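# Overview (structure and organization)
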Amino acid sequence: MKKHDINNQNGAAMLVAIIIMMIVIMLASSLLLISFSLFRTSNKEYNQRQCREMALSIAQELGDELTEVSFHSLDEQTAAFNAGKSPLWFYLRCNVGQTSWPYYAEGERGHDSKAAFRRFTLKADGTNAGDWGNAVDDGKAEIVMYWESEQGADVGGSPLVMRITCEKAGQKATVTLTQELVVENTFAAPAEGEPDSIMYTDSTVNPSGNRIKKQEKWSWGGVGIE
């Protein structure tokens with residue numbers, strides 16, 4: 001009888017031990033899952049912050065490149081173009097207000113996002129991206145650019161909108177930079193018999209071969225970053 005009692009006690013003890021071990025394993029697994037979940041959340045938030053910081057940095061560089069450029073004469077402007085300076089500024093100077101780049105007005109035929117949006121991709125090493133491309137970390141960035149107006153309106157005062165989206169490790173962040181165009185007819189008038197426009201020849205800056213008015217002085221004013 002005592003032998004049976006001892007066996008029963010041993011069996012019960014073994015069963016309790018197995019149950020305890022299962023509980024310990026379940027708790028350990030739960031802790032591992034919680035730790036992994038917290039790590040993923042923390043990593044996700046970190047990458048999200050990095051994406052926004054990259055986008056803000058690019059937006060700031062883009063805004064500075066536009067607003068800091070100021071020419072006092074056509075000759076000074078042309079010299080800067082020939083020296084390869086401020087490619088973004090000259091791209092806008094040669095294309096905004098031209099038929100090759102329609103303004104954006106949703107609902108107006110020929111002026112939807114497909115016709116008006118221009119897209120640029122930045123590489124992490126800044127290659128072919130200008131100085132502002134150096135703001136890209138180990139992720140990637142895309143700039144969607146368009147200018148807004150309406151039929152028959154002067155190009156002066158037109159808003160230029162740049163949406164910068166940065167992506168890293170599956171996370172994205174987008175910021176919007178808005179600039180406003182200022183046009184003044186303050187450059188010297190061309191001599192009698194000379195054309196009133198000029199064409200800057202460059203396949204990247206002026207791919208459509210557009211001509212621009214010699215007397216127009218362009219500048220950009222910062223509206224803000226959102």
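Refer to the structure presented above.
Residues numbered from 1 in each chain as written. Predicted model: local features only at pLDDT ≥ 70, side-chain atom pairs only at ≥ 80, totals over all residues. Heavy atoms only, no water.

### Re the nonpolar core
Where we set the bar: Side-chain atoms within 4.5 Å are what join buried Ala, Val, Leu, Ile, Met, Phe, Trp, Tyr and Cys residues into a set we call a nonpolar core. Each residue is placed in one exposure class: buried if its accessible area under a 1.4 Å probe, protein chains only, is under 20% of its type's maximum, exposed if it is over 50%, and partly exposed if it falls in between. Each helix corresponds to a stretch of at least 4 residues labelled H or I by DSSP, and each strand to a stretch of at least 2 residues labelled E; elements are numbered beginning at the N terminus. Residue contacts follow a heavy-atom distance rule, with two residues in contact if any of their heavy atoms lie within 4.5 Å.
Among the nonpolar cores identified, the biggest contains 43 residues, and Leu 92, Leu 160, Met 162 and Ile 164 are the most heavily contacted of them. Looking at this core, the elements with two or more residues in it are helix H1 (2–67), helix H2 (74–82), helix H3 (87–95), strand E2 (140–147), strand E3 (159–168), strand E4 (171–184) and strand E7 (217–225). For this core, the element with the highest residue contribution is H1, accounting for seven residues. Not counting residues up to four positions away in its chain, the partners in contact with Leu 92 are Leu 66, Trp 101, Met 145, Leu 160, Trp 218 and Trp 220.

### Some words on the pattern of salt bridges
Heads up, the condition is: By definition here, a salt bridge exists when the distance from a side-chain nitrogen of Lys or Arg to a carboxyl oxygen of Asp or Glu is within 4 Å.
Applying the stated rule across the entire model yields three salt bridges. Across the pair Glu 142 and Arg 119 runs a salt bridge, and its minimum N-O distance is 3.9 Å. In this pair, Glu 142 is assigned in strand E2 and Arg 119 in strand E1 (residues 118–122), connecting sequence segments 23 residues apart. Relative accessible area serves as the criterion here: at 29%, Glu 142 is assigned to the partly exposed category.

### What about the sheet that holds E4?
Condition: One bridge is not enough; two strands pair if DSSP finds at least two bridges between them. Throughout, an axis means a line fitted to C-alpha atoms (over the contacting stretch in the case of helices), and angles, computed between N-to-C directions, take values from 0 to 180 degrees.
Strand order in this open sheet of five strands is E1-E2-E3-E4-E7, and the pairing throughout is antiparallel. Among the strands making up the open sheet, the edge pair consists of E1 and E7. Across the sheet, the mean angle separating the axes of adjacent strands is 25 degrees when strand polarity is ignored. In the sheet, E2 pairs with E3 via eight bridges, with the strands oriented antiparallel. Following the sheet pairing, Lys 140 is matched in E3 by Glu 167. Set on the sheet, H3 makes contact with E1, E2, E3 and E7; between it and E7 the angle comes to about 110 degrees.

### Observations regarding the side chain of Lys 214
The condition is simple: Any pair of N or O atoms that falls within 3.5 Å is considered a polar contact. Within protein, one atom must be able to donate a hydrogen and the other to accept it, and sequence-neighbouring residues count only if both atoms are side-chain atoms.
Turning to its location among the elements, Lys 214 is positioned in the loop between strand E6 (211–213) and E7. Separated by 3.1 Å, the side chain of Lys 214 and the backbone oxygen of Pro 195 make a polar contact.

Spatial relationships are all this shows, so hold off on functional conclusions.
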